[in-house]
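One letter stands for each residue in the lines below.
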Number of protein chains: 2
Amino acid sequence: MKENTCPTDTYLCLTPERVADILDEMPPDEQLYDLAELFKIFGDSTRIRILYALFEAEMCVGDIAQLLGLSQTAVSHQLRVLKINKLVKGRKEGKIVFYALADEHVRRIIDQGMEHIAE
Amino acid sequence: MKENTCPTDTYLCLTPERVADILDEMPPDEQLYDLAELFKIFGDSTRIRILYALFEAEMCVGDIAQLLGLSQTAVSHQLRVLKINKLVKGRKEGKIVFYALADEHVRRIIDQGMEHIAE
DNA sequence: ATATCATATGAACAAATGAACATATGAAAG
DNA sequence: CTTTCATATGTTCATTTGTTCATATGATAT
């Protein structure tokens, strides 16, 4: 038998103490679920492109659509998703709605992702 | 007519110069596509839980499964996804495979996400 | 009022995705 | 060799997701 392995009751390599430690450090499942939901929003190239466009400045729906070569409907749908998840905010001026990034977290999360890509 | 609006050829509120600027700042679509793919990986609570467990230490497949109350098959499938996308790395020791976070980007991306959640 | 413009919404459909099943490697022990 | 154990893979299936179409809202102008 190998020296490295450390069988316990039911675990192959973890001691009960370590199991307790790890479970203790883990955030509650509900929070991890919300976190996954957040990343799910970033996990679509259309939404990423919209967010990246908004990096530069606030923009109205039609211009985003034209800029990215998307239909107005598609953009509106995705902006709704982004707004619900607090990644963008809308400012209405007459019939035009200007959208902008909700906060700097959005930029930072995307930047971190970019760094990983460019490894 | 409102003073804020600035119609150009085809855009509602963007000047052609700004359009050029924005498009210039945008990474190529292929890169944004890859970025979305990366976030897609984080956008699943099972994978997030696995990654969080690996925050503490490297672990073998069976122990991860037991720790999180998942089937071995499910964990293996997700570890495969995580490995392909370079979020975890595997180290084989006999018949046991120990998985660990591939690099610190993973932790940082998740931490940034957590900060956003806790706003 | 009506017309037009910007955006939003709802329904329907195709594509992607995660989970569960069975099965297949591949390594150590007898 | 065969058996057992840890992990990996393939396939099917139900669900989710993004897009498109048609339509609705809401604001400005005539």
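Details of the structure are given in the entry above.
S.K.: I would appreciate a short explanation of the interface of chain A and chain B in the present structure.
M.R.: It is common to report an interface's size as the accessible area lost on association of the parts. Across the boundary between the two partners, chain A contributes 59 residues, which contact 59 residues of chain B. Note on chain A versus chain B: buried area summed over both sides is about 5,500 Å², and carbon and sulfur give 70% of it. Three residues stand out in chain A for area buried against chain B, namely F39(A), L67(A) and H116(A), and they jointly supply 11% of the buried area on that side. Remark: the boundary between chain A and chain B carries two salt bridges. Between D29(B) and R49(A) there is a salt bridge, with the nearest N and O atoms lying 3.5 Å from each other. Secondary-structure elements contributing two or more residues to the side of chain A that touches chain B are helix 1 (16–25), helix 2 (29–42), helix 3 (45–56), strand 1 (59–60), helix 4 (61–68), strand 3 (96–101) and helix 6 (104–117) of chain A. Per-element accounting of the side of chain A that touches chain B gives the leading share, 11 residues, to helix 2 of chain A. Considering only residue class, the side of chain A that touches chain B consists of 31 nonpolar, 12 polar and 16 charged.

S.K.: Even after reading the chapter, I still don't get the packing of helix 4 of chain A against helix 5 (residues 72–84) of chain A, so can you show me in this structure?
M.R.: Pairs of packed helices are described in terms of their axes, by the angle between the two and the distance that separates them. All names here are of chain A. In contact at an axis separation of 9 Å, helix 4 and helix 5 are set at 115° when each is read in the N-to-C sense. Helix-helix and strand crossings are classified by hand; for helix 4 and helix 5 the assignment is right-handed. Residues V61, I64 and A65 of helix 4 lie in contact with helix 5, whose contacting residues are Q72, V75, S76 and L79. Residues of the contact of helix 4 with helix 5, tallied by class, amount to five nonpolar, two polar and no charged.

S.K.: How should the environment of F42(A) be read in this particular structure?
M.R.: As for its position among the elements, F42(A) is in helix 2. F42(A) gets classed as buried once you look at its relative accessible area, which sits at 0%. It is 38 Å that separates the C-alpha atoms of F42(A) and T10(A), two residues lying 32 residues apart in sequence. Residues in contact with F42(A), not counting those within four places in the same chain, are I48(A), L51(A), L87(A), V106(A), I109(A), I110(A), A36(B) and F39(B).

S.K.: Can you help me understand the protein's contact with DNA strand C in this one?
M.R.: If you check the shell around DNA strand C, you find 23 residues, and the closest are G62(A), T73(A), Y99(A), R47(B) and Q78(B). Near the protein, within 4 Å, the atoms of DNA strand C are sugar or phosphate in 69% of cases. Within the side chain of Y99(A), a nitrogen or oxygen atom sits 2.5 Å from a phosphate oxygen of DNA strand C. In the environment of DNA strand C, a phosphate oxygen lies 3.4 Å from a nitrogen or oxygen atom belonging to the side chain of K40(B). Of all elements in the fold, only helix 4, helix 5 and strand 3 of chain A together with helix 3 (45–56) and helix 5 (72–84) of chain B reach the threshold of two or more residues within the surface near DNA strand C. Ranked by residues supplied to the surface near DNA strand C, first place goes to helix 5 of chain A with five residues. When its residues are assigned to classes, the surface near DNA strand C shows seven nonpolar, 10 polar and six charged.

S.K.: Can you help me understand the side chain of E93(A) in this one?
M.R.: Inspection of the secondary structure assignment puts E93(A) in strand 2 (residues 88–93). Within polar-contact distance, the side chain of E93(A) engages the side chain of R91(A) at 2.7 Å.

S.K.: What is the right way to read the protein's contact with DNA strand D from this model?
M.R.: Close contacts around DNA strand D come from 24 residues, with T46(A), R47(A), Q78(A), T73(B) and Y99(B) the closest. Considering the 4 Å shell around the protein, atoms of DNA strand D inside it are sugar or phosphate in 68% of instances. A distance of 3.2 Å is found between a phosphate oxygen of DNA strand D and a backbone nitrogen or oxygen belonging to V61(B). A distance of 3.2 Å is found between a base nitrogen of DNA strand D and a side-chain nitrogen or oxygen belonging to Q72(B). Of the residues forming the surface near DNA strand D, the biggest block, five residues, is contributed by helix 5 of chain B. A per-class count over the surface near DNA strand D returns seven nonpolar, 11 polar and six charged.

S.K.: How do you make sense of the relation of the copies chain A and chain B when you look at a structure like this?
M.R.: Here two copies of a chain appear, and what relates them is a rotation about an axis with a shift along it. With an axial shift of 0.0 Å and an RMSD of 0.2 Å, the rotation relating chain A to chain B amounts to 180°. Here the transformation between the copies is reduced to the relation of a two-fold axis. When the interface residues of chain A are mapped onto chain B, 100% of them are again interface residues, pointing to one common binding face.

What counts, and at which threshold
Residues numbered from 1 in each chain as written. Chains lettered and ligands numbered in written order. Predicted model: local features only at pLDDT ≥ 70, side-chain atom pairs only at ≥ 80, totals over all residues. Heavy atoms only, no water. Contact = heavy atoms within 4.5 Å. Buried area = accessible area lost by both parts, 1.4 Å probe. Salt bridge = Lys/Arg side-chain N within 4 Å of Asp/Glu carboxyl O. Helix = DSSP H or I, 4+ residues; strand = E, 2+ residues; numbered from the N terminus. Nonpolar A, V, L, I, M, F, W, Y, C, P; charged D, E, K, R; others polar. Axes fitted to C-alpha atoms, helices over the stretch in contact; angles between N-to-C directions. Left-handed = near helix turned anticlockwise from the far one by under 90°. Buried < 20%, exposed > 50% of the residue type's maximum accessible area, 1.4 Å probe, protein only. Near = heavy atom within 4 Å. Polar contact = N/O pair within 3.5 Å; in protein donor to acceptor, adjacent residues only side chain to side chain. Least-squares fit on C-alpha atoms with pLDDT ≥ 70 in both.

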